[in-house]
Amino acid sequence: MSELPFDIVTPNGWAAALDAWPWSWLKDDQGHPIGAEKRGPCPNCGHGMSVSLGITEGITDLPSHTDVSCNCAVKHAEGQTGCGAHGEIGVPTP
Ligand SMILES: [Zn+2]
Ligand SMILES: [Zn+2]
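Residues numbered from 1 in each chain as written. Chains lettered and ligands numbered in written order. Predicted model: local features only at pLDDT ≥ 70, side-chain atom pairs only at ≥ 80, totals over all residues.

Along the chain, the regular secondary structure elements total one helix and five strands. When its helices and strands are written in sequence order, the chain yields α-β-β-β-β-β. Among the 94 residues that make up the chain, the fraction classed as buried is 18%. Here the analysis covers contacts within the chain between residues at least 6 apart in sequence; of these, 51% occur between residues at least 24 apart. (Helix = DSSP H or I, 4+ residues; strand = E, 2+ residues; numbered from the N terminus. Buried ≥ 20, exposed ≤ 12 C-beta atoms within 10 Å, placed from the backbone. Contact = placed C-beta atoms within 7 Å.)

Shown next, in the form of structure tokens:
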């Protein structure tokens, strides 16, 4: 089976599909949020990928969106990470 070629053209709805994945909060031992992450199958290549953000409680100038790209462990092309799909997804607030 051959893998999808690396392609920086992202299919429509890729970021929207990631937006629908639930965030899991990472907390320190006092229960304060130190980051958030989500994982799932990349809507483009189907391989497992993850998004993680460092978010600390009290930050008030968080951007509303962040750029993410597929980071699956499969080599779609030499020297590249993921399949090339990328987009902007919403950032959660602690
Ligand atoms: Zn992949
Ligand atoms: Zn992918």
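A regular strand places its side chains on the two faces of the sheet in alternate fashion. In this sheet, strand β3 (residues 48-53) lies alongside strand β2 (residues 33-41) in antiparallel orientation, the contact comprising six bridges. Across the sheet, Lys-38 pairs through a bridge with Val-51, a residue of β3. Connecting the antiparallel pair β2 and β3 is a turn made up of six residues, with Gly-46 showing a positive phi of about 85°. (Pairing = 2+ DSSP bridges.)

Through backbone hydrogen bonds, the strands of a sheet pair up, either in parallel or in antiparallel fashion. Taken in spatial order, the three strands of this open sheet run β1-β2-β3, and their pairing is antiparallel. Single-partner strands in this sheet number two, and they are β1 (24-27) and β3. Adjacent strand axes in the sheet meet at a mean angle of 25° when their direction is disregarded. (Axes fitted to C-alpha atoms, helices over the stretch in contact; angles between N-to-C directions.)

Turning to its location among the elements, Trp-25 is positioned in strand β1. The sequence separation of Trp-25 and Gly-54 amounts to 29 residues, and the corresponding C-alpha distance is 10.0 Å. With near-sequence residues (within four places) excluded, Trp-25 lies in contact with Pro-33 and Ala-36.

Mapping His-65 onto the fold places it in strand β4 (residues 65-69). Excluding residues that lie within four positions of it along the chain, His-65 makes contacts with Glu-88, Ile-89, Gly-90 and Val-91.

Of all residues in the chain, 99% have pLDDT values of 70 or greater, and the mean over the chain is 92. Taken element by element, the chain is modelled with least confidence in β1, mean pLDDT 94, and with most confidence in helix α1 (residues 14-19), mean pLDDT 97. (pLDDT = per-residue confidence, 0-100.)

Here we come to the environment of Gly-82. Within the element layout of this structure, Gly-82 appears in the loop between β4 and β5 (86-90). Contact partners of Gly-82, with chain neighbours within four places excluded, come to Met-49, Ser-69, Cys-70, Asn-71, Cys-72 and His-76.

Core analysis: the biggest nonpolar cluster contains eleven residues, these being Trp-14, Leu-18, Cys-42, Cys-45, Met-49, Val-68, Cys-70, Cys-72, Cys-83, Ala-85 and Ile-89. If near-sequence neighbours (up to four positions away) are discounted, Leu-18 is found in contact with Val-51, Val-68 and Ile-89. (Core = buried A, V, L, I, M, F, W, Y, C linked by C-beta atoms within 7 Å.)

In the sheet, β1 pairs with β2 via four bridges, with the strands oriented antiparallel. When the sheet's bridge partners are listed, Leu-26 is paired in β2 with Gly-35. If you look at the hairpin formed by β1 and β2, you'll find five residues sitting between the two strands, and Gly-31 has a positive phi there, around 85°.

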